[in-house]
Amino acid sequence: MTVHPDRLDELLRASRAAGVRGLGRRSFLRGASVSALAVGVPGLLTACGTESQVQTAESCTSEDLSDTEKALVFSNWPEYIDRKGKKMPTLEEFQTTSGISVTYNTDVNDNTEFFGKVKDQLGGCEPIGRDIIVLTDWMAARMVSLGWVQELDMGAMPNVQANLKPDLRSPTWDPDRSYSVPWQSGLTGIAYNAKYTGEVGSFEELMTRSDLKGKVSLLSEMGDTMLFMLLLEGADPEDFTEEQWSGALGRLEGYVGSGQIRRFTGNDYIRDLNAGNVVACEAWSGDVIAMQYDNPDIKWVVPEEGLSLWSDNMLVPNKAEHKANAEALMDFYYQPEIAAQLAAWVNYICPVEGAQEAMEQVDASLVDNPLIFPDEDFLANAYGFMELDESTRQQYDKDFARVIGA
């Protein structure tokens, strides 16, 4: 299913007219990514949790001081909360209504980098000085599998229970949402520069069209790129076999060997696409909004094979001392009116039911924006990436790094 560029352009123009922000959270997301993971296998293995670091609720207990300490420390990505000058309106409202003081840090610049900061403490059942951390699905899954996060009390979060969108309620790595609450979600698809090429509607085209040879870039994030290779292989990215992984990897290796792919990138594909150094590429939806401020030739489409759908998730790490306070903040952001205020600023997919209706009062121009409120048809072929155990994740990262030459 492809959303035609003209229709998407119309909605994006409405976003820009409403003052949609420039490059924000996702600009910081992929800087190191798999490329950094794979600079030498020893570095890769050091960044991963080991069996000796696995914790359980019994081996690593945490004390909650929320009843006596009305405070919490929240670590998030840069430019990932609503702002008005130096103020953060929704966060200030939470502090006023709850009486809980929040120390808000923008110290999550990359999933793997952040993992490296905290792995020794969490692996050793030591505090990291944070009550909420926000990590992307695959890293959140790793944290959960290592036993490094606390189980949440869903009974203390009635707004989350009532308003979490159905399609986000049961990820494979946390099927009951016992450990995580989505902050925002986003999409990976195809972008192209209409000044240099005609419409590109599928990954099959991206990988095989002769007029695109040497002018295509893919992402250096293993989960994103291999998700599409698995789709081309006819596999389900959320449930695939070792044989299907090998086939998808071989497919990518063939595209690299043929010269179809110019390079693998993090967020820096933006510069190449604007300049025409690449004419079509794998891209994140949020980037397109910012790019079109200056270059209306940039188009973003839903590939015919499907979409990559990801979420960034709030987690309470082991030894955090303000778990109930953290749950109160999570629940606060699942009020539709608050969620709409946040979504109007960050412009990623809002995970909260009722926020689209509430957006009428916040910014009516964003109510029908599919990059914030996609409908079922828009997400009909959206996939996540299968949860992997530690040893498999390490092996797949090495496989991918070898093929892309990282």
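The rules behind these values
Residues numbered from 1 in each chain as written. Predicted model: local features only at pLDDT ≥ 70, side-chain atom pairs only at ≥ 80, totals over all residues. Heavy atoms only, no water. Buried < 20%, exposed > 50% of the residue type's maximum accessible area, 1.4 Å probe, protein only. Helix = DSSP H or I, 4+ residues; strand = E, 2+ residues; numbered from the N terminus. Pairing = 2+ DSSP bridges. Disulfide = S-S within 2.5 Å. Patch = residues over 30% accessible without salt bridge, like charges linked within 9 Å, V, L, I, M, F, W, Y side chains within 5 Å. Areas by Shrake-Rupley, 256 points an atom, 1.4 Å probe, with all protein chains shown as cover. Salt bridge = Lys/Arg side-chain N within 4 Å of Asp/Glu carboxyl O. Lys, Arg positive; Asp, Glu negative; His and termini not counted. Charge placed at Lys NZ, Arg CZ, Asp CG, Glu CD. Contact = heavy atoms within 4.5 Å. Core = buried A, V, L, I, M, F, W, Y, C linked by side-chain atoms within 4.5 Å. Axes fitted to C-alpha atoms, helices over the stretch in contact; angles between N-to-C directions. Nonpolar A, V, L, I, M, F, W, Y, C, P; charged D, E, K, R; others polar. pLDDT = per-residue confidence, 0-100. Phe/Tyr/Trp six-rings, centres within 6.5 Å; stacked < 30°, edge-to-face > 60°. Lys NZ or Arg CZ within 6 Å of the ring centre and 35° of its normal.

*Asks:* An account of the pairing of strand S3 (residues 132-136) is needed here, citing residue identities and associated values.
*Replies:* Look at any regular strand and the pattern is simple: side chains alternate between the two faces of the sheet. In terms of residue burial, S3 counts as a mostly covered element, since 5 of its 5 residues are buried. Neither face of S3 is exposed, since Ile 132, Val 134 and Thr 136 on one face and Ile 133 and Leu 135 on the opposite face are all buried. Pairing geometry for S3 and strand S9 (residues 307-315), over 4 bridges, is antiparallel. Residue pairing in the sheet places Val 134 in a bridge with Met 314 of S9.

*Asks:* Any chance you could break down the state of the cysteines for me, citing the residues and the numbers?
*Replies:* Tallied over the full model, the rule gives 1 disulfide. Between the sulfur atoms of Cys 60 and its disulfide partner Cys 125 the distance amounts to 2.1 Å. The S-S bond linking Cys 60 to Cys 125 shows a torsion near 90 degrees; that makes this disulfide right-handed. In this pair, Cys 60 sits in the loop between helix H4 (41-47) and strand S1 (71-75) while Cys 125 sits in the loop between helix H6 (111-123) and S3, placing the two residues 65 residues apart along the sequence. For Cys 60, a relative accessible area of 4% puts it in the buried group.

*Asks:* I'd love a proper account of a negative patch on the surface, names of residues and values included.
*Replies:* Together, Asp 167, Glu 353, Glu 357, Glu 360, Asp 368, Asp 375, Glu 376 and Asp 377 make up a region of like negative charge exposed at the surface. Relative to the helices and strands, Asp 368 is located in the loop between helix H16 (355-362) and strand S10 (382-383).

*Asks:* I'd love a proper account of the environment of Ala 344, names of residues and values included.
*Replies:* Looking at where Ala 344 falls in the secondary structure, it is placed in helix H15 (residues 336-346). A residue is classified by how much of its surface remains accessible, and Ala 344, at 14% relative accessible area, is buried. Distance in space between the C-alpha atoms of Ala 344 and Asp 82 is 7.9 Å, their sequence separation being 262 residues.

*Asks:* Tell me about the pattern of salt bridges, and name the residues and values.
*Replies:* Taken as a whole and judged by the stated rule, the model has 10 salt bridges. Measuring nitrogen to oxygen at the nearest pair gives 2.9 Å for the salt bridge that ties Glu 205 to Arg 209. We note a salt bridge from Arg 251 to Glu 233, for which the minimum N-O separation is 3.0 Å. Placement of the pair is Arg 251 in helix H11 (residues 242-257) and Glu 233 in the loop between helix H10 (222-232) and H11, with a sequence separation of 18 residues. The exposure class assigned to Glu 233 is partly exposed, which follows from its relative accessible area of 32%. Members of the salt-bridge network, linked through shared partners, are Glu 205, Arg 209 and Asp 211.

*Asks:* Residues and numbers for the side chain of His 322, please.
*Replies:* Within the element layout of this structure, His 322 appears in the loop between S9 and helix H14 (323-332). Looking at His 322, the relative accessible area reads 10%, which means it is buried. Sequence-distant contacts of His 322, defined by excluding residues within four places in its chain, comprise Asp 64, Leu 65, Ser 66, Glu 69, Ala 71, Leu 72 and Asp 131.

*Asks:* Go over unusual backbone geometry, please, and point to the residues and values.
*Replies:* Even without a glycine there, the phi angle at Glu 79 is positive, about 55 degrees. On the secondary structure map, Glu 79 appears in the loop between S1 and helix H5 (89-98). For Cys 125, which is not glycine, the phi torsion reads 55 degrees and is therefore positive. Here Cys 125 falls in the buried class, since its relative accessible area comes to 18%.

*Asks:* Which residues make up helix H7 (residues 137-145), and what values go with them?
*Replies:* Within H7, 8 of the 9 residues are buried, which leaves it mostly tucked inside the rest of the structure. Buried within H7 are the following residues: Asp 137, Trp 138, Met 139, Ala 140, Ala 141, Arg 142, Met 143 and Val 144. Once H7 ends, the next one or two residues include Gly 147, with phi positive near 75 degrees.

*Asks:* Which residues make up the nonpolar core, and what values go with them?
*Replies:* Ranked by size, the top nonpolar core spans 89 residues in total, and within it Met 143 and Leu 329 carry the most contacts. The leading source of residues in this core is H15, at 8 residues. Each residue touching Met 143, except ones within four places of it in the same chain, is listed here: Phe 115, Val 118, Leu 122, Ile 133, Leu 135, Trp 148, Val 149 and Leu 315.

*Asks:* Would you mind going over the packing of H7 against helix H17 (residues 390-404) in detail, with residue names and values included?
*Replies:* It is at 11 Å that the axes of H7 and H17 come closest, and there the two elements cross at 145 degrees. For the pair formed by H7 and H17, the contact residues are Trp 138, Arg 142 and Ser 145 on the first element and Glu 390, Arg 393 and Asp 397 on the second. Residue classes in the contact of H7 with H17 are distributed as 1 nonpolar, 1 polar and 4 charged.

*Asks:* So, the confidence of the model for the chain: which residues are in play, and what are the values?
*Replies:* The predicted model of the chain has a mean per-residue pLDDT of 86, with 85% of residues at 70 or higher. Across residues 1-5, where pLDDT falls below 50, the model places 20 contacts with residues more than four positions away in sequence or in other chains. A low-confidence stretch, residues 14-49 (pLDDT under 50), is modelled with 95 contacts involving residues beyond four sequence positions or located in other chains.

*Asks:* Describe the packing of aromatic side chains, listing the residues and the values that go with them.
*Replies:* A full pass over the atoms with the stated rule returns 15 aromatic pairs. Judged by centre distance (6.2 Å) and plane angle (20 degrees), the rings of Phe 240 and Trp 245 are stacked. Each member of the pair Phe 240 and Trp 245 is classed as buried. Geometrically, the ring pair formed by Phe 332 and Tyr 333 is edge-to-face, given 5.3 Å between the ring centres and 85 degrees between the ring planes. For the pair formed by Phe 332 and Tyr 333, the shared burial category is buried. We note Arg 142 situated over the ring of Phe 115; from NZ or CZ to the ring centre the distance is 5.7 Å.

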